[in-house]
Structure formats: structure tokens, C-alpha cells
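# Summary of structural features
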Amino acid sequence: MSSSNEKPGSAYLAAKKAPLLTPLLLLFMLAMILANMGGNMYGPLEALYLKELGAGIGQIGLFYTISQVIPLLLQILGGWLSDSLGRLRAIAIGSVVGVFVYVPLLLATRWEWVLLASALGSVTRSLVGPSFDAFIADHSAPDNRARLFGITQTLFGVVSVVGPALGGYLVEALSFKGMLAVAAALYLAATVIRVGMAREAAKSQVAASSPLTFASLKMNLGAMVGLILAGGLFTWIMITDGIRDIFFNMSFSFLSVYMQDIASLSISQIGIMSSIFGIAMMAVMIPAGWLADKKGERVNIAISFFFMATSLGMIATVPPASPAWVYGLGWVIAGTGVGLATPAYQSLISKAVPQRLRGVAFGLFSTSLGLVSLPAPLIGGFLWENVSPQFPFMLTALASLVVIIPAWFKFKVSGDMPDSAPPPTADKAV
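An account of the accompanying structure is given in this report. As the structure is a computational prediction, the values presented were derived from the model and not from experiment.

Calculation criteria
- Residues numbered from 1 in each chain as written.
- Predicted model: local features only at pLDDT ≥ 70, side-chain atom pairs only at ≥ 80, totals over all residues.
- Heavy atoms only, no water.
- Helix = DSSP H or I, 4+ residues; strand = E, 2+ residues; numbered from the N terminus.
- Buried < 20%, exposed > 50% of the residue type's maximum accessible area, 1.4 Å probe, protein only.
- Contact = heavy atoms within 4.5 Å.
- Areas by Shrake-Rupley, 256 points an atom, 1.4 Å probe, with all protein chains shown as cover.
- Arc of directions from axis to C-beta.
- Patch = residues over 30% accessible without salt bridge, like charges linked within 9 Å, V, L, I, M, F, W, Y side chains within 5 Å.
- Salt bridge = Lys/Arg side-chain N within 4 Å of Asp/Glu carboxyl O.
- Axes fitted to C-alpha atoms, helices over the stretch in contact; angles between N-to-C directions.
- Parallel < 35°, antiparallel > 145°, perpendicular 65-115°, else oblique.
- Left-handed = near helix turned anticlockwise from the far one by under 90°.
- Nonpolar A, V, L, I, M, F, W, Y, C, P; charged D, E, K, R; others polar.
- Core = buried A, V, L, I, M, F, W, Y, C linked by side-chain atoms within 4.5 Å.

What follows deals with the overall build of the chain. For the chain, the count of helices and strands is 19 helices and zero strands. Out of the 430 residues belonging to the chain, those deemed buried represent 55%. Here the contacts in the chain between residues at least 6 apart in sequence split such that 87% fall between residues at least 24 apart. Total accessible area on the chain is roughly 17200 Å²; 72% of this is exposed by carbon and sulfur atoms.

So, on to helix α18 (residues 376-386). Residues of α18 that are buried include every one of Ala376, Pro377, Gly380, Gly381, Leu383 and Trp384, and no others. Take α18 and look down its axis: the buried residues cluster within an arc of 165°, on one side only. Seen from the buried face of α18, the exposed residues on the opposite side, beyond 90 degrees, are Phe382 and Glu385. In the core, the buried residues of α18 are packed alongside α4 (57-66), α12 (233-252), α13 (255-261) and α19 (391-410).

With that settled, the discussion passes to a nonpolar patch on the surface. A cluster of nonpolar side chains, namely Val96, Phe100, Val103, Leu106, Leu107 and Trp113, defines an oily patch on the protein surface of about 530 Å² accessible area. Counting residues per element, the nonpolar patch draws most heavily on helix α7 (residues 102-107), which supplies three residues. In this fold, Val96 is placed in helix α6 (residues 87-99). Judged by relative accessible area, which is 39%, Val96 ranks as partly exposed.

This brings us to the packing of helix α15 (residues 297-317) against α19. At a minimum axis separation of 8 Å, α15 and α19 run at an interaxial angle of 165°. What the angle tells us is that α15 and α19 run roughly antiparallel. Crossing of α15 against α19: the hand is left-handed. Contacts from Arg298, Val299, Ile301, Ala302, Phe305, Phe306, Met308, Ala309, Leu312, Gly313, Ala316 and Thr317 in α15 reach Phe393, Met394, Thr396, Ala397, Ser400, Leu401, Val403, Ile404, Ala407 and Trp408 in α19. For the contact of α15 with α19, a count of residues per class yields 17 nonpolar, four polar and one charged.

Locating Ser274 in the fold gives a position in helix α14 (residues 267-295). With residues near it in sequence (within four places) discarded, Ser274 still touches Pro44, Ser160, Pro164 and Trp331.

Residue classification places Ser274 among the buried positions, given a relative accessible area of 8%. Expressed as a C-alpha distance, the spacing of Ser274 and Ala165, which sit 109 residues apart in the sequence, is 7.3 Å.

Moving on to the nonpolar core. Membership of the largest hydrophobic core comes to 77 residues, with the highest contact counts inside it found for Phe28, Tyr49, Leu105, Val114 and Met259. The dominant element in this core, judged by the number of residues it contributes, is helix α10 (residues 158-202), at eleven residues. Apart from the residues within four sequence positions on either side, Phe28 is in contact with Leu88, Ile91, Phe132, Phe135, Ile136 and Met197. Membership of the second largest hydrophobic core comes to 19 residues, among which are Ala352, Val353, Ile404 and Ala407.

Bringing the pattern of salt bridges into the picture now. Pairing is possible between side chains of opposite charge, provided their charged atoms come close. On inspection of all chains with the given rule, the structure shows three salt bridges. In this structure, Asp293 and Arg147 form a salt bridge, with 2.9 Å as the shortest nitrogen-oxygen distance. Placement of the pair is Asp293 in helix α14 and Arg147 in helix α9 (residues 145-156), with a sequence separation of 146 residues. With relative accessibility at 19%, the residue Asp293 sits in the buried group.

We now examine the packing of α12 against α18. Two numbers describe how α12 lies on α18: the axes approach to 7 Å, and their chain directions differ by 45°. Between α12 and α18, the interaxial angle falls into the category oblique. Where α12 crosses over α18, the handedness of that crossing is right-handed. Residues Ile246, Asn249 and Met250 of α12 touch α18, and the partners they reach there are Ala376, Pro377, Ile379, Gly380 and Leu383. Across the contact of α12 with α18, the residue classes break down as six nonpolar, two polar and no charged.

It is worth spelling out unusual backbone geometry at this point. Even without being a glycine, Ser175 presents a positive backbone phi close to 85°. With respect to the helices and strands, the residue Ser175 is situated in helix α10. Judged by its relative accessible area of 35%, Ser175 is partly exposed. Even without being glycine, Ser264 reaches a positive phi, approximately 60°. Assignment of secondary structure puts Ser264 in the loop between α13 and α14. Residue classification places Ser264 among the exposed positions, given a relative accessible area of 55%.

Structure below.
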């Protein structure tokens, strides 16, 4: 904790010289891994669970469209709470809500029940998601931030490797309900850790960064609107993210169904495909963070969009009777693309906004459920049924190529970016 007479900039120098992974960050990451292991056991197979509960393609598209509404209402609010209460306290509150997500999932007898779980999960994600990215940014210096994001995302990538494969195995061995019971136990363990961290943070003498008042929320939202409308870096981040959201939601909502119905893969094979994706993503995260710090975030992001276009084009054009390894190659390319982009995007956003607005900024960006993409799953379902199952994936591949142009020319960090050195916060007291 800094003293009151500490010289300006000393917090920045301390963050720059400190080890990238502190004990605090390691404990933080352990809780994140436990919490998200269950989510990655279930998430890639969710559409298949809906199908088992009686949903058709059109109803799956309707489910993902309806499930987007609540995050639209909560994501910015969750980021504001993170900025105001502190990252760890916001995460703890979200985790307590997250425990109850598994109740309707375990009791579901119809696909409509899963909507309640999705609503509760939206509350959790709106608090945890922005706080996770902002917490990492707060505990780094600007010139090594992408590397720290790369390291933490590599650790976090364990859930993308182990989760889907374990989930697929448990579904075939124990059924969906058995897999969800295991996932719930892991999440409960993570919640205990997170609540303990938040209680320790609350003992600090450091006050919350801003009061929980409507005036402070209005002020933060006004500042974010100004950044969005300014026509600068953050404006272009939001534009390209909106385009990406529309087309990715149009196709990825049905990816597991596509793998089962068109590629003829079993549930365990689909889980393995997601794990292959996670391995590829983990393998490139750390070098991707180094590349973004050295050459600029736009290099990573442009290459990433090209890789995603290549991957989706492969998955959508290979003959349905192709061996599983052909689809696996597409997942490897996709994982590499996501691994390149993730630390670059997180670093870029943290540099484009002031530290006091990071929670709100990540709240705007981290969700792929933006207003413009709200009807995307319905459109994807319509195109699947009326054109072909491959058509939504081809459109997404084309959009990924188009977005490379603004990403390359507009994603430039200038010397007057509003990024500031990370000051000590209540979260540091853990």
C-alpha cells in the first residue's frame, strides 16, 4: 500500500519492476480456473443440452436471442459496480449469484428452464467478466500489460482444454445432469475462495474508488459515450466488435449442433475439438502478448481475423464425411487466432480508456451480446434452415476478412492515450 507522501508515478514504477505474477494474482487465477472449469464443461455442449430437452434449430436460435437481452441491461452496470466497489468485491457478489445458476440447469425438464439459468448467469458474467480484465490491467504497467494478459490467459486456458473434454466424457458416462453436478461443485469451491479474498480486501483502509450513486453512474456513462462518439481508437474498437458480434453469434450458436449433425461427431469428440481449440489458444497466448507489446496490438488482431476466416471456411467447406482430424485442424487454426487476439484486445482497451473507467469499458466490450447482434442467432437459424447449415459460417468467414481493414488502419495507440498508471486499490490488500 502506498503512503500519502509517495511521489507521482511511483506506483507505475513499482508495477513495472514487480514480478508479473504475484501471489495475489496466482490465487485470483486459481479461483477463476475453478469457477470456469464447470462453465467450459457445459458451455460448448449447451446447444446439445437444449436439443435433448426438446428444442429444435429455430428454438435454439430463439433461446440465444432471448438470453442476450439481460446482459444488455447488466453489463455496463456490472462494470460500474466493479469500478466503484472494487474488483474482488464485485467478483464475489457475482460468484454468489453464480452458484444458483446450476439449480435450474439441474432441475430442467424443458429447454425453457435453461432461460432462468441464462438470466442468473448473465448477472454473474456482468460482474465477473469486466472485473477480471480490469483487475489484471490494474496490476500491470502499460509496457508489459499484453504480456501479463498473455500469461494469465494461458493459465486460464486450462479450462478450455480440460473443461470440454471432461464435460463430453461426463455426459456420456453420467448424463448431462451428472456433468452439471460436478460443475456445480467446482463453482462452489471457487466461490468460497472469492468470498474470502473479498473479505480480506474489505479490511483495507483504502476507500472504494467512487461512491455508489446515480450521479457517479451517470458521470461514468457520460464519459464512455464521449469516448465512443469521439471517432478515435475506442470508437473503432466498438465498431469492429459490433460487426464481429453479429456474425459470430450468427454461426457459433449452432457450432456444436453442426459438429454433431453435419460432421457426424459424437459428444465426446465435440468436447475433444473444443479442448484442441483450447490447447492451440494456450500455446500462443504468451508469445502473442510479447508480440503485441513489441509490434503493437493491431498486428495480432489483424492476423487473428485472418486465422478465424480460414478456420470457418475450412469447417464449412470440407465434405461432411471427412475424418475428424480435418475438423480438428480447423479448430487448431481458430484457437491460434483467438490466442493471438485476446491479450492484444485486452491491452488495447485498457490503454484506450482511463483507469477509473476500465470496468465500464470492459463491460461494454467483453460481452459478445451487443444490441446490434441481438437478432443474430435467429438470423443464423433461419439461414441454416432455408439456405444451408454451412451458409452462416461462410458469412462469418467473409466478415472476418473485411474487419481486418479497419483493425489495421485504426487500431493505433498514440502517445496521448488516457491510460494511467495503476494506483494501489483495496484489492491490493489481500
